[in-house]
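# Residue-level structural notes
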Amino acid sequence: MRSSGRWKSKSAVFMGRGKGHGAAEGSSAWPLRRPSAVVAKVAAMVEATTDVTAGLGRAWDRLRRPIWLYDPRTGRKPYANPAALALWSVETLDAFRRMDFSPRSPAMKSRLARLVDQASGGAAVSERWTFYPDEAPVTAQALVSVFRTENGEDLLLFEVAPEELQAEERRSVEALRHAAAMISLFEPGGVHLFANPAAYRAYGLGRMDFSARFADAGAAAKMLAAAAGSEVSGVYAVVTAAGPRWHLMDARAVLDPVSGRSCLLLNEQDVTARVEAEMARAAAEQKAAMSEARQRFLTEMSHELRTPLNAVIGFSALLVEAGLDAGAADQVGRIHAAGLRLRDVVNQMIDSPSGATPAPASNRDDADAVAPPGDEGPSTQEGTSGSGGLRVLYVDDNENNRCLVRAMLQAAGIGCETVGDGRAGVAAAAAGGWDVILMDIQMPEMDGIAACRCIRALDGPVAATPIIAVTANTLPEQVQSYLEAGMEDWVGKPVDMIELLGTMTRWARGARA
């Protein structure tokens, strides 16, 4: 069964060429004796007849060019010659008259109205048309003019010369059909006019209009308004037949090749994978930045709180052992106990939020396993009485800390010299003669890690001097960085005297051995 013929459907394509007097963009028109010369001569032969169809049948039937008459007001088609019947794939004039030539879109209605206006002024309009007999496109150059019957009816006379698309144009149409990009045309208000197969696959029939494609109606309205004046592009959230996606959209105003009116061309590409990858990367960077900021905060808080506590607890401990009278000893004891309680609070506050606790150095899990060969690990008494004669270098930028550690070690009979920054520490270490170097971490000019690396790079035996970090920064990743820099161990602030003496003595004995 043959389907009804169409001038133009929703999927019809028209491409106009050329310009002339009284023509819209994409068409050409010129003053002629209405209609063309060949047809006018034949028309003169039948002008006296009152039966238009019968008169044309005697003359135009012999022409090889398809010719037909069309009433744009009623859709009536009183005549078609045999060549036109062959073009439309029908066998009889009655079958041709039954075909539905009604314009199916506002664009087609506008085009016919324009043709009537132009042709009524005495011009013949030459345009390129695409007809759809049996749903198969036929591209032709059509000369359209007004033919006035004796009873005063104005009909549109179509003289058609079918033509083959040029090779480049055929390739263009095929490329558009198979393109992965979604390409659509819309009326200025966003009503859908055309979509290539990729756009139909993406949205289905339910979301072909412009605003229906957007997840955000406000974004659609802004883009539609902006595209009327200039090219607009951006990445937008859309709702497709497969669900929410991200599309890179490029919209611009162009001329509709069918109606000659302004319309909107939209080019879309699915960039969901790229957008989601970028969002994941941004989230990871934000998480890393937050973690780094938190780490900096904890480091600063640890240093600022534990450093003064180190002095409070350390000096109060020395005073407890200084032989004060009972009343003074009781007061100092209370100060020392309060300092210890505050230390515990600070430790919990700083270490718990990160999910970490101060990292245990390896020698704290099993002193026998990690101490240098021959060392069984010092007891409290060994740490005090057995460590005499050691020479210790203590590097710290805080004067209170230097005074405290020096006093603690001197009370244990250990000689201790101090310097106030990392550079001075490296210089003192290079002079040699130290059994152990105690190294603060957070110092200006040169921090403890950099100073340790410099010492390890020195020539001779001084490069192997044991270095122990004495620091308020005791998170696991921080301690790991000390060990990787070449330090043997660490002691946290506030300094516990027994822990310091034990750790220091163990590594000094190992170095001597």
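Quick note: structure is the one above.
The structure reproduced in this document is the subject of the present report.

Parameters at a glance
- Residues numbered from 1 in each chain as written.
- Predicted model: local features only at pLDDT ≥ 70, side-chain atom pairs only at ≥ 80, totals over all residues.
- Heavy atoms only, no water.
- Axes fitted to C-alpha atoms, helices over the stretch in contact; angles between N-to-C directions.
- Helix = DSSP H or I, 4+ residues; strand = E, 2+ residues; numbered from the N terminus.
- Parallel < 35°, antiparallel > 145°, perpendicular 65-115°, else oblique.
- Left-handed = near helix turned anticlockwise from the far one by under 90°.
- Contact = heavy atoms within 4.5 Å.
- Nonpolar A, V, L, I, M, F, W, Y, C, P; charged D, E, K, R; others polar.
- Phe/Tyr/Trp six-rings, centres within 6.5 Å; stacked < 30°, edge-to-face > 60°.
- Buried < 20%, exposed > 50% of the residue type's maximum accessible area, 1.4 Å probe, protein only.
- Lys NZ or Arg CZ within 6 Å of the ring centre and 35° of its normal.
- Core = buried A, V, L, I, M, F, W, Y, C linked by side-chain atoms within 4.5 Å.
- Pairing = 2+ DSSP bridges.
- 1 Å grid on protein atoms, 1.4 Å probe; cavity = no way out; pocket = protein on both sides within 12 Å on 5 of 7 lines; lining within 4 Å.
- Points joined across faces, edges and corners; volume = space filled by probe spheres on them.

## Comments concerning the packing of helix H15 (residues 422-431) against helix H16 (residues 448-456)
- The N-to-C vectors of H15 and H16 enclose an angle of 20°; their axes lie 9 Å apart at closest approach. Comparing their axes, H16 and H15 come out roughly parallel. H15 and H16 meet at a crossing whose hand is right-handed. Here Gly422, Gly425, Val426 and Ala429 of H15 come into contact with H16, specifically with Ala451, Cys454 and Ile455.
- Tallied by class, residues from the contact of H15 with H16 come to five nonpolar, two polar and no charged.

## Notes on the packing of aromatic side chains
- With the rule as written, the count across this model stands at 11 aromatic pairs.
- Seen from their ring centres, Trp60 and Phe147 are 5.7 Å apart, and the 70° between their planes marks the pair as edge-to-face. With Trp60 in the loop between helix H2 (52-59) and strand E2 (67-70) and Phe147 in strand E5 (residues 138-148), this pair connects stretches of sequence that are 87 residues apart.
- On the basis of relative accessibility, which here comes to 11%, the residue Phe147 falls in the buried class.
- With a centroid separation of 4.7 Å and 45° between ring planes, the pair formed by Trp88 and Phe101 is classed as tilted. Of this pair, Trp88 sits in the loop between helix H3 (82-87) and helix H4 (93-98) while Phe101 is found in the loop between H4 and helix H5 (106-120), placing the two residues 13 residues apart along the sequence. Assigned by exposure class, Trp88 and Phe101 land together as buried.
- Taken together, the ring pairs in this structure connect Trp68, Tyr70, Trp88, Phe96, Phe101, Trp129 and Phe158 into an aromatic cluster.
- For Lys77, the ring lying beneath its charged end belongs to Phe101, and the centroid distance is 4.8 Å.

## Structural notes on the nonpolar core
- The biggest cluster of nonpolar side chains holds 26 residues, and the ones touching the most others in it are Trp68, Trp88, Phe96, Trp129, Phe158 and Val160.
- Elements with a minimum of two residues in this core: E2, H3, H4, H5, strand E4 (123-131), E5 and strand E6 (154-162).
- If sequence neighbours within four positions are ignored, Phe96 has contacts with Trp68, Lys77, Tyr79, Ala80, Leu85, Trp88, Val90 and Phe101.
- Formed by 23 residues, the second largest nonpolar core is a distinct cluster that contains Val395, Val426, Ala451 and Cys452.

## Details of the pairing of E2
- Residue alternation in E2 divides its side chains into two sets, Ile67 and Leu69 and Trp68 and Tyr70, and both sets are buried.
- Relative to E6, E2 runs antiparallel, the two sharing four bridges. When the bridges of E6 are listed, Tyr70 appears paired with Leu156.
- As paired strands, E2 and strand E3 (residues 79-80) are joined by two bridges and run antiparallel to one another. Within E3, the residue paired with Leu69 across the bridge is Tyr79.

## Regarding the packing of H16 against helix H17 (residues 476-485)
- Interhelical geometry of H16 versus H17 gives an angle of 20° and a closest axis separation of 9 Å. Taken together, the axes of H16 and H17 are roughly parallel relative to one another. In this structure, H16 meets H17 at a crossing whose hand is right-handed. Residues Ile449, Cys452, Arg453 and Arg456 of H16 form the contact with H17, whose participating residues are Ser481, Tyr482 and Ala485.
- Residues of the contact of H16 with H17, tallied by class, amount to four nonpolar, one polar and two charged.

## Some details on empty space enclosed by the protein
- Applying the stated criterion to the full structure yields two cavities of 30 Å³ or more.
- Considering the residues around the second largest cavity, the lining is formed by 11 residues, among which Ser302, Ile350, Thr474, Leu475 and Gln478 are closest to the centre.
- The greatest single-element share of the lining of the second largest cavity, amounting to four residues, is contributed by helix H9 (residues 272-320).
- The class makeup of the residues in the lining of the second largest cavity is four nonpolar, five polar and two charged.

Remember, this is a structural readout, not a statement about activity or role.
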